[in-house]
Structures are given as structure tokens and as C-alpha cells.
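Residue-level listing of the chains:
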Amino acid sequence: MGENRETVKIVVVGHVDHGKSTVIGRLLYDTNSLPEGAIDRVKRISKEKGKPFEYAYLLDAFEEEQKQGITIDTTQLQFFTAKRDYVIIDAPGHKEFLKNMISGAASAEAALLIIDANEGIKEQSKRHGYILSLLGIQKVYVIVNKMDLLAYSEEKFIQIKGEFNEFLNTLQVTPLDYIPISAFYGENIAKKSEEMPWYKGKPILEAIDDIPKDKELSGKPLRFPIQDVYKFDARRIIVGRIEAGILKEGDEIHITPGNKTTRVKTVEFWANKDTGTVVSAGQSVGITVEDEFFNKRGEIISHLEAVPVVSNRFRANVFWMGKNDLVTKKKYKIKLATAEVEAEIKSILKVIDASTLSGDEKSQKVRINDVAEIIVETKEPVAFDEFKDSKATGRFVIVDGYDVAGGGIISRAEEAVLTKGFLKEGLFLNSKIFEEYYYSVLDNSIKNVQTNLNIYHVGDIIPVSGATFKYPDSFDIIGISDGVVVLIRDKAVKDILRLSEYSYSYLPLVNARGFGIKVSSQEEYNRLIKERGGTDEKELGKDVSFSNHWFSLNQYKVIQFNEDSVYEIEYNI
């Protein structure tokens, strides 16, 4: 095949035994995409097992599939037409393997939904239709298979088309077309069937060539989730996979949720043959930046004109496959792009029966194989997009204990909810400057108490003194890791801004925990930011050295004697 050919990913879904594997087997066979000798090998195995040859056997690549006779994992295969290349994803139809179907479908841009003409529309057919709509896959052909078992009845075809259209219309999904076929006999696969002259549409291979291609990911806004930061010689190389957009040397970039703006200094490559200054969607790369901020896994690099959303709350549609019910007031782990963060389900808005689309708005739990609309609240702000804008940064999985138990797509960002700190138009600082420190006389240890749980906005008056802290009336709070600075003037919040927008004010500085920062000149401030920016969280020894050098524990804080029972202790120190 020639270079630069267009590739389209198509997922094939449908109720178990409705003929997905046979359809795919025929597509591979009719496009001469099978390895040499594959047909003869499968025929020989079929004969040895005393079974008649079927095209579905061509896909039984996994031993487990052979044992159970059902597809248990998604299989990706390639075939080619004269127009373009296809990656076809065979998603399992069995209800128990819904998770695999979702993971397979999530990367597709079009779908073939198979319905057995003889059995008709099943619950799982509707469930798959619903999930395709949730995943935003609008380019769907409904394939009505096994028409040979009904003597190629036009009446039955029209009946199925009418019933399924009624269901899909409620999802606002309009199939590109319905195609009656017999995969077993190859009718309407590669060429028009003579058995169904009443069908005026195109056979499958011609029809899928008409599927319009999604806008290329490289043409979308830059999304570069940070996988890790590696230290090579004097360089700190930010590595990851570009999920969308184009990035080149000299670009001004923004890093969220840390609110840091800098420029790309170099694009790094492993091999000299790959050297270049421009990288695009789909490439795994490393870059260095002009300002050595503290960058970490889970942050997303974008261009400043199109940044992702930053919040600790979002509305999502989820599919639950966990053995235990999904419930509120329980800690889960959310994996979103490269970010991993603790989260709670703040509310279950609706549990949806995917086969009838009826919703239960009173349910307090989501059971296995349920679909639900929920509000998720993460422990700390995360960067993300709505799924319709960016698939890679708009979907997530839910980990319950050690198991991936659910997946979801973000339908809408919700206003961030902080438990304490400072907030202004998407800028957050989870500050702990008001926490108190006590020496417990009962167990001879220092303990921490958080008594002030307020959220402060610009203009609010703050308490500059407490039982164990006393700050000046005017000072600046430097949230280095969050990339946010809070200006306090005459005991009031004057402004909240990004670290990159801040200029040293020559007023006293404290960090986000209220420890004094030992800076008295612009030069020292610049060195503080540069050293902190280059510090990897994993290098704890160096971090301690950094803290001892730059921070003063007792400049604005003291430790008082007390008893544990007086306050609710946040944690021991």
C-alpha cells in the first residue's frame, strides 16, 4: 500500500451470536487481507474438530476464544479497500464483557452494529446503541445479518429498521444506513446481492468508503499530557504522547492545572533519524522548556489560546462493571489521561436502563452493567476537556481498590468546590496558612489542626493571626506547586494571579503552608523559583535540603502545648 493513505477505525458491535465475527471474517476474505494460508489452516482445524468451516473462525486468534466460543477481548485487524485503510475492532457481544466493548469502541470513529434478522433486536443491541451514542460515535451503519434464514425477506428487514430507528431516535442517533446482508454467503458484503434486489443501497465495503473521516487530531487544539519528567545531564525532559494538535520549538505553552506559562526550548528525540522541531498528534516525544517549573505527571500542556478546563468537579456518564456497587461517600481513584487522583461520587443523578432508556433518579447506587449520570469530585483540581471536544482528555476510568471497575466520559465541567483556600476565576490555591500547630502533652508529639475552612475571594478580609500564627498585614502567598500567588494587602485579598504573572513585591513571602520564605531580593526570588522548578518530587532528600534552605518554620508560626481532645486533629507530624 502506498504511503499517506487515510485510515479509519471502525468498531463492530452486536449481541452475542448475531454474527460479528462472521461479518469481519468476510470483510477480511473479500478484501484479500488474510495472511497467506490462513483459510487453508482454519479449514484444516475445522475438519480436525469435525466442524464445518465458518468465516468467524478466522478471528479466533485467542486460545481462550477457542475454548469458550465467544469473543472475550477486543481484536484489532486491518483490511484495505482501493480508497483507504481500515482498522476494524471486534468488540465482544457478551454482557459480561461490556468493559472490553467500551474500551474498544472508545478509540473508534465509526461503527457497524450487527443485528440478527432471525432473532431480532435484543437488549444488548440497544445497550450497544446507547453506549455508542454516549461515546459520541454518530457514524453508524446498522447491519441486519442472517437474511438468508428469512428467505431475504424485505418485510422483516423493514420491520427491524423501523423498530430500531424508533429506539435510536430517542438517542438522537441517525444511522448512516441499514444494510441487509448474509455474512455467511457473502451477500451485500463486497458487491450488491442478487438475492435482495429490493435493497437499493450499497454493500458494506462500498458504504464504509463513504464514511466521512474525522477531523485529523493534529488539526485540533494541543493536548500533551505529561507522562513523566526525566533528568538527563543538565536537562529536564518532559515526556509524553501528544494526543491532539501540533507542537514546535519556540511555542508558548501553558501547563495546567499548575497555571504555568513558558516556551518550548527544544524537542528531543531518541534517534538522530527522528530529529526535528515539530511534533504532532500520535507522537511520543520529549521537550525541554525555558522555565524549569516544577512539572509533574498528570498535568496537561496546551497552547495558551485553547487551554483545558481546570476544576475538581465534573458531570459524567459512567458505565459500571465493578463487583461492588458504585456509591457515594466512598473513595475511588480516577485515572484521567496520565493523571491519577482520589475522588468521590458526590451524587448519582440518574441510573439509566440502557435497553429502555428509562431513568431512576432516586437510586443511591450503580450496579454492575448499569449506566449512570453522576457528579464526580476530585480531591484536587485536575485538567480535562468535555468528551465531545477531546476524547483522550475527556474520558476516565474508575479504580475501586485495585480493580478498574468503571469508565466514563465527561459531559460537563462543574464549578470547582474547594474545602479551603483562595479562589478566583479558575485559579485555586489550596492554602493551609491558617492551620495551627500544637504539642500534645498526652503523647509527646506535634500535631496539626485545620480550624479555618473558608474560601477567600478577591476583596475578602482574612485573619492574619490565630492561636499559633501571626502574619504581617501585607504579604504574598507563593503557591509554587499550584502555580498561583495570592496578594494580601491590609489584611485583604487584593488579587490572585498565576505565578508566571507575579513580580517580586519586596513584601514578606510565605508558602502555601504559611512557612516564611527567606527571600529579600529579586535575585533570590528568581533563584528560589528556578531551584524549586527543577526539583523532582521523587528526590525527597533534595526536597528536604531545599526546604531547609528556603523556608523558615517559626518565622510566622509557633507551637503551643495542648491536649488532643481540644481539637479535631488533621494529622500527626
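Quantities reported herein were computed from a predicted structural model and do not represent experimental measurements.

About the cut-offs
Residues numbered from 1 in each chain as written. Predicted model: local features only at pLDDT ≥ 70, side-chain atom pairs only at ≥ 80, totals over all residues. Heavy atoms only, no water. Helix = DSSP H or I, 4+ residues; strand = E, 2+ residues; numbered from the N terminus. Buried < 20%, exposed > 50% of the residue type's maximum accessible area, 1.4 Å probe, protein only. Contact = heavy atoms within 4.5 Å. Areas by Shrake-Rupley, 256 points an atom, 1.4 Å probe, with all protein chains shown as cover. Pairing = 2+ DSSP bridges. Axes fitted to C-alpha atoms, helices over the stretch in contact; angles between N-to-C directions. Phe/Tyr/Trp six-rings, centres within 6.5 Å; stacked < 30°, edge-to-face > 60°. Core = buried A, V, L, I, M, F, W, Y, C linked by side-chain atoms within 4.5 Å. Left-handed = near helix turned anticlockwise from the far one by under 90°. Nonpolar A, V, L, I, M, F, W, Y, C, P; charged D, E, K, R; others polar. Salt bridge = Lys/Arg side-chain N within 4 Å of Asp/Glu carboxyl O.

Chemist: Is there a simple way to explain the overall build of the protein in this structure?
Modeler: If you tally the helices and strands in the protein, you get 9 helices and 36 strands. With 573 residues in all, the protein has 51% of them scored as buried. For the protein, restricting intrachain contacts to residue pairs at least 6 apart in sequence, the fraction spanning at least 24 positions comes to 69%. Taken as a whole, the protein presents about 27,000 Å² of accessible surface, with 47% of it coming from carbon and sulfur.

Chemist: What is the right way to look at the sheet that holds strand S13 (residues 284-289) in this model?
Modeler: Across a sheet, paired strands are connected by hydrogen bonds in the backbone, their directions being either parallel or antiparallel. Strand order in this closed barrel of 6 strands is S7-S8-S13-S11-S10-S14, and the pairing throughout is antiparallel. With direction set aside, neighbouring strand axes in the sheet form an average angle of 50°. Judged from the 4 bridges that link them, strand S10 (residues 252-256) and strand S11 (residues 260-268) form a sheet pairing that is antiparallel. Bridge pairing in S11 places Ile255 opposite Lys260.

Chemist: Hey, could you run me through the sheet that holds strand S28 (residues 455-456) in this one?
Modeler: Pairing within the open sheet is mixed, and its 3 strands lie in the order S25-S24-S28. Looking at strand neighbours, the two that pair on one side only are strand S25 (427-429) and S28, the edges of this open sheet. Sheet topology note: the strand S24 (residues 421-424)/S25 ladder contains 3 bridges and is antiparallel. By the bridge assignment for S25, Phe422 is matched with Leu429.

Chemist: Is there a simple way to think about the pairing of strand S21 (residues 371-384) in this case?
Modeler: Successive residues of a regular strand alternate their side chains across the two faces of the sheet. Of all 14 residues in S21, 12 are buried; the element is thus mostly enclosed. Relative to S21, strand S15 (residues 309-320) runs antiparallel, the two being bridged by 10 bridges. In the strand pairing of S21, Arg315 is matched with Ile375. Bridge count between strand S18 (residues 339-352) and S21: 8 bridges; the pairing is antiparallel. Paired with Ile348 across the two strands is Ile374, which belongs to S21.

Chemist: Any chance you could explain unusual backbone geometry here in plain terms?
Modeler: Peptide bonds are mostly trans, and most non-glycine residues show a negative phi. Put simply, Thr256 and Pro257 share a cis peptide bond, and its omega is 5°. Structurally, the position occupied by Pro257 is in the loop between S10 and S11. Here the phi dihedral of Asn188 falls at roughly 65°; this positive angle occurs in a residue that is not glycine. The residue Asn188 is located in the loop between strand S6 (177-180) and helix H7 (204-208) in this model. The phi dihedral of Tyr506 falls on the positive side, at around 65°, and the residue is not glycine.

Chemist: Got a minute to help me understand the packing of aromatic side chains in this structure?
Modeler: A ring pair, where both rings are aromatic, is described by two values, the distance of the centres and the angle of the planes. Per the counting criterion, the structure on display carries 20 aromatic pairs. For the pair Phe79 and Tyr86, a centre-to-centre distance of 5.1 Å together with 15° between the ring planes defines the contact as stacked. For Phe79, a relative accessible area of 1% translates into the label buried. An aromatic cluster of three or more residues is present, and its members are Phe422, Phe434, Tyr456, Phe469, Tyr471, Phe475 and Tyr556.

Chemist: In this structure, what is going on with the nonpolar core? I would like to understand it.
Modeler: Nonpolar side chains in soluble globular proteins generally cluster together in the buried interior. Residues Leu27, Leu112, Ile204 and Ile208 are the most contacted members of the largest nonpolar core, which totals 62 residues. Of all the elements, strand S4 (residues 110-116) adds the most residues to this core, at 6 residues. Apart from residues no more than four positions distant in its own chain, Ile208 is found in contact with Ile10, Phe79, Arg84, Tyr86, Leu112 and Tyr141. Residues Phe314, Ile345, Val351 and Ile398 belong to the second largest nonpolar core, which totals 23 residues.

Chemist: Where do I start with the packing of helix H5 (residues 123-134) against helix H6 (residues 154-170) in this structure?
Modeler: To characterise two packed helices, one gives the angle between the axes of the helices and the distance between these axes. One way to put it is that H5 packs onto H6 with a least axis distance of 10 Å and a crossing angle of 35°. When the axes of H5 and H6 are compared, the crossing they make is right-handed. For the pair H5 and H6, contact is made by Ser125, Lys126, Gly129 and Tyr130 and by Phe164, Phe167 and Leu168, respectively. Per-class residue counts for the contact of H5 with H6 are 4 nonpolar, 2 polar and 1 charged.

Chemist: Whenever I open this one, the pattern of salt bridges confuses me. Can you help?
Modeler: Per the counting criterion, the structure on display carries 22 salt bridges. A salt bridge links Asp210 to Lys202; its shortest N-O distance comes to 2.6 Å. Take Lys202: its relative accessible area is 38%, and that puts it in the partly exposed class. Measuring nitrogen to oxygen at the nearest pair gives 2.9 Å for the salt bridge that ties Glu344 to Lys331. Residue Glu344 is located in strand S18, and its partner Lys331 is located in strand S17 (residues 331-336); the two are separated by 13 residues in the primary sequence. The network of salt bridges with common partners includes Arg315, Glu373, Arg412 and Glu414.

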